[in-house]
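Chain by chain, the residues:
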Amino acid sequence: MANEASIPNPKLKPLSALIGKWKTVGTHPLLPGTTFHGHTTFEWLEGGAFLIMHSEIAEPGIPSGNAIFGSDDDTGEYFMLYFDERGVSRKYEVTLRDDTLKWWRNAPGFSQRFSGTFVDGGRTIVGKGELSKDGSLWEGDLELTYTRAD
């Protein structure tokens, strides 16, 4: 059964730079000396109404997760709903400007932010995450480099 709303969301068109399969390599300051390997895919969901991300890291300690990206017409903002294998569910605000993708959440006791910059003609994204337990002091979190695999 076809759904008439399963059409491309024109507000999400800038996120099309993410579409495809990516290999990931990363590190985390809490696990020094360990390099994480995995993969992430970005695909249109419901004919392009939303963007879905599936990420897997092949090493223990870093959760695999899923996220759905959408937009708000009135504000022009992007949002990401995230869920991972630990049962963690979070909402992030998202921007994509000047070849830099950012997502963040400000929550009492545990805020996060991630910034990924497109380099190499869009074939690589160099990303750095940070977290804050008090909303003012930021410390390192997962760093990931995405390399286009398709």
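Colleague: An account of the pattern of salt bridges is needed here, citing residue identities and associated values.
Modeller: By the definition in use, this model includes three salt bridges. Here Arg-113 makes a salt bridge to Glu-130, at a shortest N to O gap of 2.7 Å. Taken together, the residues Arg-113 in strand β8 (residues 111-119) and Glu-130 in strand β9 (residues 124-132) connect sequence positions 17 residues apart. Judged by its relative accessible area of 33%, Arg-113 is partly exposed. A salt bridge links Asp-150 to Arg-148, with the shortest nitrogen-to-oxygen separation between them at 3.6 Å. Overall, Arg-148 belongs to the buried group, its relative accessible area being 17%.

Colleague: Outline the nonpolar core, listing residues and values.
Modeller: By size, the foremost hydrophobic cluster in this structure holds 25 residues, and its most contacted members are Leu-15, Leu-18, Phe-69 and Trp-103. For this core, the elements supplying multiple residues, two or more each, are β2 (36-45), β3 (50-57), β4 (65-72), β5 (77-84), β6 (89-97), β7 (100-105), β8 and β10 (139-148). Those residues in contact with Leu-15, other than ones at most four positions away along the chain, are Leu-51, Phe-69, Tyr-78, Leu-96 and Leu-101.

Colleague: Go over the pairing of β5 with me, naming the residues and quoting the values.
Modeller: The alternating pattern of β5 places Tyr-78, Met-80, Tyr-82 and Asp-84 on a buried face and Glu-77, Phe-79, Leu-81 and Phe-83 on a face that is not buried. Remark: four residues form the turn of the hairpin made by β4 and β5, two consecutive strands paired antiparallel; Gly-76 in that turn has positive phi of roughly 75°. One ladder, built from six bridges, connects β5 with β6; its direction is antiparallel. In the sheet register, Tyr-82 faces β6, and the bridge partner there is Arg-90. Connecting β5 to the antiparallel partner β6 that follows it, the hairpin turn spans four residues, and Gly-87 within it adopts a positive phi of roughly 90°.

Colleague: Residues and numbers for the sheet that holds β2, please.
Modeller: Strand order in the closed barrel made by the 10 strands is β1-β2-β3-β4-β5-β6-β7-β8-β9-β10, with antiparallel pairing throughout. Between one strand axis and the next, the sheet turns through 25° on average, direction left out of account. Pairing of β4 with β5, which is carried by eight bridges, proceeds in the antiparallel orientation. For Gly-70, the partnering residue across the bridge sits in β5 and is Phe-79.

Colleague: Break down the packing of aromatic side chains for me, citing the residues and quoting the values.
Modeller: On inspection of all chains with the given rule, the structure shows five aromatic pairs. When the ring of Trp-22 is compared with that of Tyr-146, the centres are 6.4 Å apart and the planes differ by 90°; the resulting orientation is edge-to-face. Residue Trp-22 is found in strand β1 (residues 20-27), and its partner Tyr-146 is found in strand β10; the two are separated by 124 residues along the sequence. Both residues of the pair, Trp-22 and Tyr-146, count as buried. Ring geometry for Tyr-82 versus Tyr-92: centroids 6.3 Å apart, planes at 90°, classification edge-to-face. Remark: Tyr-92 occurs in strand β6 and Tyr-82 occurs in strand β5; sequence separation between them is 10 residues. One aromatic cluster is present, formed by Phe-42, Phe-69, Trp-103 and Phe-114 through successive ring pairs.

Thresholds, definitions, all that
- Residues numbered from 1 in each chain as written.
- Predicted model: local features only at pLDDT ≥ 70, side-chain atom pairs only at ≥ 80, totals over all residues.
- Heavy atoms only, no water.
- Salt bridge = Lys/Arg side-chain N within 4 Å of Asp/Glu carboxyl O.
- Helix = DSSP H or I, 4+ residues; strand = E, 2+ residues; numbered from the N terminus.
- Buried < 20%, exposed > 50% of the residue type's maximum accessible area, 1.4 Å probe, protein only.
- Core = buried A, V, L, I, M, F, W, Y, C linked by side-chain atoms within 4.5 Å.
- Contact = heavy atoms within 4.5 Å.
- Pairing = 2+ DSSP bridges.
- Axes fitted to C-alpha atoms, helices over the stretch in contact; angles between N-to-C directions.
- Phe/Tyr/Trp six-rings, centres within 6.5 Å; stacked < 30°, edge-to-face > 60°.

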